[in-house]
Amino acid sequence: MKLRLTELAHEAVGAVLRAGDVAVDATAGNGHDTVFLAEAVGPGGLVIAVDIQSAAIHATRERLRSAGCEQQVRLIEVCHSTLADVMPRDARLRAAMFNLGYLPGSDKQSLTSQATTVPAVIVCLEHLRPGGIVSVMAYRGHDGGKEEAEALSHVLAELDQSCFSVERHESSATGPVLWLVRQHVIETT
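Residues numbered from 1 in each chain as written. Predicted model: local features only at pLDDT ≥ 70, side-chain atom pairs only at ≥ 80, totals over all residues. Heavy atoms only, no water.

Student: I tried to follow the pairing of strand β1 (residues 22-25) on my own but got confused; where do I start?
Tutor: Across a regular strand the side chains alternate sides, sitting on one face of the sheet and then on the other. As paired strands, β1 and strand β2 (residues 46-51) are joined by 4 bridges and run parallel to one another. Pairing of A23 across the sheet is with V47, part of β2. (Pairing = 2+ DSSP bridges. Helix = DSSP H or I, 4+ residues; strand = E, 2+ residues; numbered from the N terminus.)

Spelled out as structure tokens, the structure:
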């Protein structure tokens, strides 16, 4: 059975996350990824979840309360482009998740864009631990979505292949695209 791209992202991220880890949800949205990350890192871990929309922060807070895992989440109403300012300077992320586009059921004019997403992805990659993963789901069907995906594709193609591997998954040429970016574990002898 073929997994949906969101399921594939959760499976890949879940395979590396451990109790006590630090993770980022760079687009909290309705809180599904935030709860997933919070449950994976457990009470000893930390999830930094950001979203620029107060409706998203509220929805995520309620979902976290219902799941009983709000204590390990720092929920912040800011644009993901400011992640460098809200993350601890010495943060070593095991995982980061991006689910781009707009908040479902909300104002479709409030969108992520290449101008904010690319710097946010780069910050997460800079803080990623060896063996860690960044998951980026981009939707190409809305205004600016295709350009955002193309910008991400260029940035991710330029990553040092000795440090990172990049997988690209998509079901059609115009539908969503998922990138799974893993930082290699450096073998020491």
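After that view, the rundown keeps rolling.
Student: Honestly, the pairing of strand β7 (residues 177-183) in this entry has me stumped. Any pointers?
Tutor: Of all 7 residues in β7, 6 are buried, a share of seventy percent or more. Bridge analysis of strand β5 (residues 128-138) against β7 gives 6 bridges, and the strand direction is antiparallel. Bridge pairing in β7 links V136 to W179. Bridge count between strand β6 (residues 164-170) and β7: 7 bridges; the pairing is antiparallel. Each bridged residue has a counterpart across the sheet, and for V166 the counterpart in β7 is V181. Here β6 folds back onto β7 in antiparallel fashion, the turn holding 6 residues. (Buried < 20%, exposed > 50% of the residue type's maximum accessible area, 1.4 Å probe, protein only.)

Student: Can you walk me through the sheet that holds β7 in this structure?
Tutor: Across the sheet, 7 strands lie side by side as β3-β2-β1-β4-β5-β7-β6; this open sheet has mixed pairing. At either end of the open sheet lies a strand with only one pairing partner, and these are β3 (73-77) and β6. Between one strand axis and the next, the sheet turns by 10° as a mean value, whatever way the strands run. Seen against the sheet, helix α1 (residues 5-14) touches β4 (93-99), β5, β6 and β7 and runs at an angle of roughly 10° to β7. Sheet strands touched by helix α3 (residues 54-67): β2 and β3. Its angle to β3, the strand with the most contacts, is close to 160°. (Axes fitted to C-alpha atoms, helices over the stretch in contact; angles between N-to-C directions. Contact = heavy atoms within 4.5 Å.)

Student: Hey, could you run me through the environment of H10 in this one?
Tutor: Structurally, the position occupied by H10 is in helix α1. Measuring from C-alpha to C-alpha, the distance between H10 and D33 comes to 8.0 Å, with 23 residues separating the pair along the chain.

Student: Help me understand α3, please; the structure alone is not making it clear to me.
Tutor: Each full turn of the α-helix corresponds to 3.6 residues, which orients residues three or four apart in the same direction. With 14 residues, α3 extends 20 Å between its outermost C-alpha atoms, agreeing within 8% with the 20 Å of an ideal straight helix rising 1.5 Å per residue. Residues A56, I57, T60 and L64 constitute the buried set of α3. Down the axis of α3, the buried side of the element spans an arc of 100°, and every buried residue falls inside it. Contacts made by the buried residues of α3 are with α2 (32-41), β2 and β3. Positive backbone phi, at 70°, marks G68, one or two positions downstream of α3. (Expected span 1.5 Å × (residues − 1). Arc of directions from axis to C-beta.)

Student: I'm lost on the packing of α1 against α2 in this one. Help?
Tutor: In a pair of packed helices, the angle between the axes and the distance between the axes together describe the arrangement. Across the interface, α1 lies against α2 with an axial gap of 11 Å and an inter-helix angle of 20°. It follows that α1 is roughly parallel to α2 by the angle criterion. The handedness of the crossing between α1 and α2 comes out as right-handed. Facing H10, V13 and G14 of α1, the residues of α2 in contact are H32, D33, F36 and L37. (Parallel < 35°, antiparallel > 145°, perpendicular 65-115°, else oblique. Left-handed = near helix turned anticlockwise from the far one by under 90°.)

Student: Mind showing me how you'd approach the pattern of salt bridges here?
Tutor: Side chains carrying opposite charge are able to pair once their charged atoms draw close together. For the structure on display, the rule yields 5 salt bridges. In this structure, E170 engages R140 in a salt bridge whose closest nitrogen and oxygen atoms are separated by 2.8 Å. Of this pair, E170 sits in strand β6 while R140 sits in the loop between β5 and α6 (145-157), placing them 30 residues apart in sequence. Here R140 falls in the buried class, since its relative accessible area comes to 14%. R182 is paired through a salt bridge with E167; the nearest N and O atoms lie 2.4 Å apart. Taken as a pair, R182 in strand β7 and E167 in strand β6 lie far apart in primary sequence, 15 residues in all. Overlapping salt bridges bring together R140, R168 and E170 as one network. (Salt bridge = Lys/Arg side-chain N within 4 Å of Asp/Glu carboxyl O.)

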